[in-house]
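Summary of structural features
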Amino acid sequence: MTVDAPQAPPFDAAAESQARMRPGRPLVPSGTIAGRALVVVIAILTFLAALTASGAQLVANASAEWRSSIAREVTIQVRPQARTDVEAAVARAATLARSARGVESVRVFSKGESERLLEPWLGSGLDLVELPVPRLIVVKLTGEAASADLATLKEALRRDVAGASLDDHRLWVERLATMAGGVILVGLVVLALVIAAAALAIGFATRGALAGAKDIVEVLHFVGADDIFIAREFQLRFLRLGLKGGLIGGGAAALFLALAGWLAASLRASPGGNEVEALFGTFQIGWSGYGAIGAVVALVAAVTALVSRETVRRQLRSMA
Amino acid sequence: MVRFENVGLRYGMGPEVLKDISFEIEPRSFQFLTGPSGAGKTTLLRLILLALRPTRGLVTVFGQDTSRIDKGELTALRRRMGIVFQDFRLLDHLTTYENVALPLRVQGKDEASYRAEVVDLLKFVGLGERMHVLPPVLSGGEKQRAAIARALITRPDLLLADEPTGNVDPSLARRLLRLFVELHHFGTAVVIATHDLALMDQIGARRLVLGDRQLHIDD
Ligand SMILES: Nc1ncnc2c1ncn2[C@@H]1O[C@H](COP(=O)(O)OP(=O)(O)OP(=O)(O)O)[C@@H](O)[C@H]1O
Ligand SMILES: [Mg+2]
């Protein structure tokens, strides 16, 4: 209002406001203890959710890797039989395999190679000449096992080559798939629980903040603020808190995984590393893992915004 | 503009604070609301600004029956009123400037459009040098002036001021009264609740006198 002062006001001598007003200072006081507690809670929950999500991602990737490499291979085992020539039996089996439909390549493990395969279990320096070491033929398929005509091959082997058997790893593949699926399902359930806990925490915090700011809300109503305006102020504050907690938790999870990856890499360089790699793949979470973390942070922020908005609206409706 | 018809009010199960009150406030009018402490001045103002609902009778504000009013309409009515609370009701975490600008800000106005006006008004009420401090460090009189500035900034159609000069010296009280009179000349209906006889004697305005739960009008 432009008031033409009838006389110069005696109070204000200079006081020109060159100081730019800080625009949009929150109308709801921030930096309260409850706010900080909420950030910590959300950070912890996000951390757990992000680890769960990227863990599930890791298992999904590893199991897909195992399955595709295992499924594209079958092995023929030829056990030495009394009074027969193993070499001849192996050669016959290899010929049969080569002529089967859907086979890409056939590799026969020599006697030496077969023995070497047993070394980790039996130790070196053992003379295996007298032992009937089974011989292996690795058959690479052009596609998945299902597409090759393995039944015919199996039948032919059984009929023509004594001591030969075909293993298509199907049992393994199925078990792996079930196990990986189970792990992923558990991961999703944990994720859902964590998100639900976060939603509850935010709901309680919002309700508490509103109750604590009752006087402020009342004044805002008196000076002509509508519920949408007030709700936006509260939402903005809680969105900020939620994002802060989410980013801290997500960042910590990313850091944790990067550290784990580095640890795994250095483990792989040491003896025994091969087993770790065989189990977990390269333990590289890679971009998809970080993507999962980002998605969790985004989800937490979205849940924060939604829950605080609904809580505020419902609460304001009950205030005059 | 404001119309009370046989209004009665009690707080909870307590005794009736106001009983059978009937009066009208005309647009562009100027009146004092007076009476001893505890007579119900604040209560009556709270009825006008719809912070309280009457237990009996009819309250009409800006031509609207307040017994059936929705939240949107309530907000619209409040935007046409300026209110100076007896206990100021400034927001302690906002500066004086931000407190005074609050009624404009909650209407979603751009700060650039009102900054100069707010600064001018703050200077006029003598808070030019105190505009960037928080209310807790203001003196009682300074808080009062900030509260008045907040009520005036939107140039409301109706100004309700509850003891607006209770904390200032007589010369400042006169200056603030002039401010209200000036606002009145701009077209605002003004209701000033006070028991300061010296203040009321300065201008011959209508007096609504509360006493013994009843209202007497001295025109
Ligand atoms: N929220 C409340 N609950 C119960 N009783 C109340 C409430 N507010 C006020 N009263 C009572 O209503 C009566 C009128 O109070 P009110 O505040 O309206 O008086 P007032 O005229 O403004 O007094 P003052 O000049 O001291 O400000 C008083 O007896 C008071 O105790
Ligand atoms: Mg009072």
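Residues numbered from 1 in each chain as written. Chains lettered and ligands numbered in written order. Predicted model: local features only at pLDDT ≥ 70, side-chain atom pairs only at ≥ 80, totals over all residues. Heavy atoms only, no water.

Turning our attention to the packing of helix H6 (residues 214-222) of chain A against helix H7 (residues 227-268) of chain A. Residue and element names in this part refer to chain A. At a closest axis distance of 10 Å, the pairing of H6 and H7 adopts a crossing angle of 145°. Between H6 and H7 the crossing geometry is right-handed. In this structure, H6 contributes Val-217, Leu-220 and His-221 to the contact, and H7 contributes Asp-227, Ile-230 and Phe-234. Within the contact of H6 with H7, the residues separate by chemical class into 4 nonpolar, 1 polar and 1 charged. (Axes fitted to C-alpha atoms, helices over the stretch in contact; angles between N-to-C directions. Helix = DSSP H or I, 4+ residues; strand = E, 2+ residues; numbered from the N terminus. Left-handed = near helix turned anticlockwise from the far one by under 90°. Contact = heavy atoms within 4.5 Å. Nonpolar A, V, L, I, M, F, W, Y, C, P; charged D, E, K, R; others polar.)

As a further point, take the coordination of the magnesium ion (ligand 2). Residue and element names in this part refer to chain B. Ligation of the magnesium ion (ligand 2) by protein atoms is provided by Thr-42 (OG1) and Gln-86 (OE1), these donors lying 1.9 to 2.2 Å from the ion. Taken together, the residues span a long stretch of sequence, with Thr-42 in helix H1 (residues 41-48) and Gln-86 in the loop between strand E6 (81-84) and helix H3 (96-105) at a distance of 44 residues. Its relative accessible area of 29% is what places Thr-42 among the partly exposed residues. (Donors = N, O, S within 2.8 Å, 3.2 Å for Na, K, Ca; no water. Buried < 20%, exposed > 50% of the residue type's maximum accessible area, 1.4 Å probe, protein only.)

Before going further, it helps to spend a moment on the confidence of the model for chain B. Where the model shows low pLDDT, its predicted coordinates should not be examined in detail. Residues and elements named next belong to chain B. Of the residues in chain B, 100% have a pLDDT of 70 or more, and the chain-wide mean is 93. For chain B, strand E10 (residues 214-218) is the element with the lowest average pLDDT, namely 89, and strand E7 (residues 158-162) is the one with the highest, namely 97. This complex was scored by the predictor with a pTM of 0.72 and an ipTM of 0.93. (pLDDT = per-residue confidence, 0-100.)

Residues and elements named next belong to chain B. Despite not being glycine, Asn-6 has its phi angle at roughly 50°, a positive value. Residue placement: Asn-6 occurs in strand E1 (residues 2-10). Classification of Asn-6 as partly exposed rests on a relative accessible area of 42%.

In this section: the packing of aromatic side chains. Note on aromatic pairs: each is described by the distance of the centres and the angle between the planes. All told, the structure shown has 4 aromatic pairs over all chains when counted by the stated rule. Here the aromatic rings of Phe30(B) and Phe32(B) are separated by 5.7 Å at their centres, their planes lie at 80°, and the arrangement is edge-to-face. Here the two residues Phe30(B) and Phe32(B) agree in accessibility, since each one is buried. Across from the ring centre of Phe238(A), 5.3 Å away, lies the NZ or CZ of Arg237(A), which sits over that ring. Over the ring of Phe124(B) we find Arg175(B); its NZ or CZ atom is 4.8 Å from the centre of that ring. (Phe/Tyr/Trp six-rings, centres within 6.5 Å; stacked < 30°, edge-to-face > 60°. Lys NZ or Arg CZ within 6 Å of the ring centre and 35° of its normal.)

Residues and elements named next belong to chain B. As a structural note, the neighbourhood of ligand 1 is formed by Tyr-11, Val-17, Pro-36, Ser-37, Gly-38, Ala-39, Gly-40, Lys-41, Thr-42, Thr-43, Gln-86 and His-195. At 2.9 Å from an oxygen atom of ligand 1 is found a main-chain nitrogen or oxygen belonging to Gly-40. Here Gln-86 contributes a side-chain N or O atom positioned 2.8 Å from an oxygen atom of ligand 1. Burial of ligand 1 by the surrounding chains reaches 57%, relative to a free accessible area of 630 Å². A per-element tally of the shell around ligand 1 places H1 first, with 3 residues. (Near = heavy atom within 4 Å. Polar contact = N/O pair within 3.5 Å; in protein donor to acceptor, adjacent residues only side chain to side chain. Areas by Shrake-Rupley, 256 points an atom, 1.4 Å probe, with all protein chains shown as cover.)

All names here are of chain B. Taken in spatial order, the 6 strands line up as E6-E7-E8-E3-E9-E10 in an open sheet, and their pairing is mixed. Edge positions in the open sheet fall to E6 and E10, since each of these has one partner strand only. Sheet twist, expressed as the mean angle between neighbouring strand axes with direction ignored, is 15°. Here strand E3 (residues 30-34) pairs with strand E8 (residues 189-193) via 4 bridges, running parallel. Counterpart to Leu-33 in the pairing with E8 is Ala-193. This element, H1, spans E3, E6, E7, E8 and strand E9 (206-211) of the sheet and lies at about 155° to E7. Along the sheet, helix H5 (residues 140-152) makes contact with E6 and E7, crossing E6 at roughly 175°. (Pairing = 2+ DSSP bridges.)

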